[in-house]
Amino acid sequence: MNILKSIPWRKWIFVAGLVGLGINGLVQVTLQRDMRDKTTVLASQVRQAQSLSGKMTDSLSGLPVVEHQSENMASTLQQLSSQTADMDHGLAILQQTVQGIANAIQSLGGSTSASSTSLTQASRAAQALLSTLQSIQSTNTGVLANLNQMESDQQAINADLHAMNQKMALVP
């Protein structure tokens, strides 16, 4: 204890200041090392993000081609839908014609002296043909509905692709 009393208080303050500066230096060195490590990690992540951005840009460059092909497909589906509708109309006319023939055969059966057996067979054949045509018309109506749905889906896809292209145009 005598030794402590023999050292003046100013020297104690000087020593305490030096110790404080040493500790402060160690803290700063530790912080600088930590900042250096984090800067290295951040730089690596930035390089990786730039690489992924480049790949994404390359991938999205094909979207206009897909959009163009989708528009062509929509046009083709529209033409097919129109042709199917025309075919449906033609089948309806043919069905009416066959129905008229069946009706004529039935009325001829009552006014002619032809055998009832051959008239019945002709009537059955006309009825079978009418039934077949009705089945074809039903199938054609289903095909037309499916084509209309495909066209609607294609237009929705084209709208989505157009919106995506607009959004991608904003990406640097």
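Parameters and conventions
Residues numbered from 1 in each chain as written. Predicted model: local features only at pLDDT ≥ 70, side-chain atom pairs only at ≥ 80, totals over all residues. Heavy atoms only, no water. Helix = DSSP H or I, 4+ residues; strand = E, 2+ residues; numbered from the N terminus. Buried < 20%, exposed > 50% of the residue type's maximum accessible area, 1.4 Å probe, protein only. Contact = heavy atoms within 4.5 Å. Salt bridge = Lys/Arg side-chain N within 4 Å of Asp/Glu carboxyl O. pLDDT = per-residue confidence, 0-100. Patch = residues over 30% accessible without salt bridge, like charges linked within 9 Å, V, L, I, M, F, W, Y side chains within 5 Å. Areas by Shrake-Rupley, 256 points an atom, 1.4 Å probe, with all protein chains shown as cover.

With that settled, consider the overall build of the protein. Broken down by element type, the protein carries four helices and zero strands. The order of α-helices and β-strands along the protein, N terminus first, is α-α-α-α. Burial status across the protein gives 16% buried among its 172 residues. A fraction of 86% describes how many contacts in the protein between residues 6 or more apart in sequence connect residues 24 or more apart.

Attention shifts here to the side chain of Asn158. Inspection of the secondary structure puts Asn158 in helix H4 (residues 116-169). Sequence-distant contacts of Asn158, that is, excluding residues within four places in its chain, are made with Glu67, Ser70, Glu71 and Ala74.

Time to look at the pattern of salt bridges. In the structure shown here, the tally under the stated rule is two salt bridges. Salt-bridge contacts for Asp34 lead to Lys38; the nearest nitrogen and oxygen are separated by 3.3 Å. Of this pair, Asp34 and Lys38 both sit in helix H2 (residues 9-60), separated by four residues, roughly a single helical turn. Given the relative accessible area of 35%, Asp34 is considered partly exposed. With a relative accessible area of 55%, Lys38 lands in the exposed category. A salt bridge links Arg36 to Asp37, with the shortest nitrogen-to-oxygen separation between them at 3.6 Å. Relative accessible area serves as the criterion here: at 53%, Arg36 is assigned to the exposed category.

Looking at the protein as a whole, the pLDDT averages 80, with 90% of positions reaching at least 70. When mean pLDDT is taken per element in the protein, H2 scores highest with 84 and helix H1 (residues 2-6) scores lowest with 61.

Taken together, the side chains of Phe14, Val15, Leu18, Val19, Leu21, Ile23, Val27 and Leu31 define a hydrophobic patch exposed on the protein surface, amounting to about 770 Å² of accessible area. Examined against the element boundaries, Val15 turns out to sit in helix H2. Since its relative accessible area comes to 43%, Val15 is described here as partly exposed.

Turning our attention to the side chain of Asn140. Relative to the helices and strands, Asn140 is located in helix H4. For Asn140, a relative accessible area of 7% gives the class buried. Apart from the residues within four sequence positions on either side, Asn140 is in contact with Thr84, Met87, Asp88 and Leu91.

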